Amino acid sequence: QVQLVESGGDSVQAGGSLRLSCATSGYTYSNYYIGWFRQAPGKDREGVAYIRTGDNSTYYADSVKGRFTIAQDNAKNTVFLQMNILKPDDTAVYYCAAGKYGSLAYRPYSYWGQGTQVTVSS
């Protein structure tokens with residue numbers, strides 16, 4: 001079965017860094033884009049970044065460009081989100097998702113992880 005498992009969420013001070021991991025299994029890794037999304041309580045799900053796993057192309061929301069980096073370890077079928085210069089507005093549950101098409105919109109994605117909490121304090 002397709003499985004995506006996020007890890008690495010934590011509570012950090014503003015300006016700090018975290019690296020999130022998305023471990024995937026149960027499908028052909030290179031056939032799917034992997035996206036990172038976040039959702040704060042009472043807010044809509046927001047696309048953060050995504051990667052075309054087949055050629056390593058990456059895409060970012062304007063709000064995180066220059067601060068966040070999405071990358072992959074193809075041998076481990078794992079995608080990372082390196083988050084630097086974190087802001088309180090980055091506080092959310094972060095999810096990874098797999099889809100046949102890459103997008104910062106959440107609807108095109110077919111498979112989702114359980115989420116990992118990121119909290120950034122002032």
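Coordinates for the structure precede this section.
Worth saying up front: this structure is predicted, and the values here are computed from it rather than measured. (Residues numbered from 1 in each chain as written. Predicted model: local features only at pLDDT ≥ 70, side-chain atom pairs only at ≥ 80, totals over all residues. Heavy atoms only, no water.)

A. Just the pairing of strand β8 (residues 78–83), in detail. Most of β8 sits out of view: five of its six residues are buried. The pairing of strand β3 (residues 18–25) with β8 spans six bridges and is antiparallel. By the bridge assignment, S21 is partnered in β8 with F80. By the bridge criterion, six bridges tie strand β7 (residues 68–73) to β8 in an arrangement that is antiparallel. Residue pairing in the sheet places A71 in a bridge with F80 of β8. Between β7 and β8, which follow one another and run antiparallel, lie four residues, and N77 among them has a positive phi close to 50 degrees. (Buried < 20%, exposed > 50% of the residue type's maximum accessible area, 1.4 Å probe, protein only. Helix = DSSP H or I, 4+ residues; strand = E, 2+ residues; numbered from the N terminus. Pairing = 2+ DSSP bridges.)

B. Main features of the nonpolar core. One finds I34, W36, L81, M83 and Y94 to be the most contacted residues of the largest nonpolar core, which totals 29 residues. Mapped onto this core, the elements with two or more residues apiece are β3, β4 (33–39), β5 (46–52), β7, β8, β9 (92–99) and β11 (116–121). Once residues lying within four places of it in the same chain are set aside, the contact partners of Y94 are E6, L20, W36, F37, R38, V48, F68, L81, M83, G115, T116 and V118. One finds Y33, F37, Y50 and A97 within the second-largest nonpolar core, a separate group that totals five residues. (Core = buried A, V, L, I, M, F, W, Y, C linked by side-chain atoms within 4.5 Å. Contact = heavy atoms within 4.5 Å.)

C. A look at the packing of aromatic side chains. All told, the structure shown has eight aromatic pairs when counted by the stated rule. Ring centres of Y32 and Y111 lie 6.0 Å apart, and the angle between their planes is 65 degrees; this geometry places the pair in the edge-to-face category. Of this pair, Y32 sits in the loop between β3 and β4 while Y111 sits in strand β10 (residues 111–112); the two residues are 79 residues apart in sequence, bridging distant segments of the chain. Classification of Y111 by relative accessible area gives partly exposed; the value is 31%. (Phe/Tyr/Trp six-rings, centres within 6.5 Å; stacked < 30°, edge-to-face > 60°.)

D. Region of the structure containing the side chain of Q72. Tracing the sequence through the fold places Q72 in strand β7. Here the side chain of Q72 touches T53 through a polar contact of 3.1 Å, landing on its backbone oxygen. There is a polar contact of 2.8 Å between the side chain of Q72 and the side chain of N56. The residues touching Q72, leaving out its near neighbours within four places in the chain, are Y29, I51, R52, T53, N56, T78, V79 and F80. (Polar contact = N/O pair within 3.5 Å; in protein donor to acceptor, adjacent residues only side chain to side chain.)

E. Geometry of unusual backbone geometry. With a phi angle near 70 degrees, N56 is a residue other than glycine that sits in the positive phi range. Within the secondary structure, N56 is located in the loop between β5 and β6 (57–60). N56 gets classed as partly exposed once you look at its relative accessible area, which sits at 44%.

F. Quick peek at the pattern of salt bridges. For the structure on display, the rule yields five salt bridges. Measuring nitrogen to oxygen at the nearest pair gives 3.8 Å for the salt bridge that ties R52 to D55. Note that D90 is salt-bridged to R67, the shortest N-O span being 2.8 Å. Of the two residues, D90 sits in the loop between β8 and β9 while R67 sits in the loop between β6 and β7, which places them 23 residues apart along the sequence. Under the relative-accessibility criterion, D90 is labelled buried at 1%. Beyond isolated ion pairs, a larger network of salt bridges with shared partners links R38, E46, R67 and D90. (Salt bridge = Lys/Arg side-chain N within 4 Å of Asp/Glu carboxyl O.)

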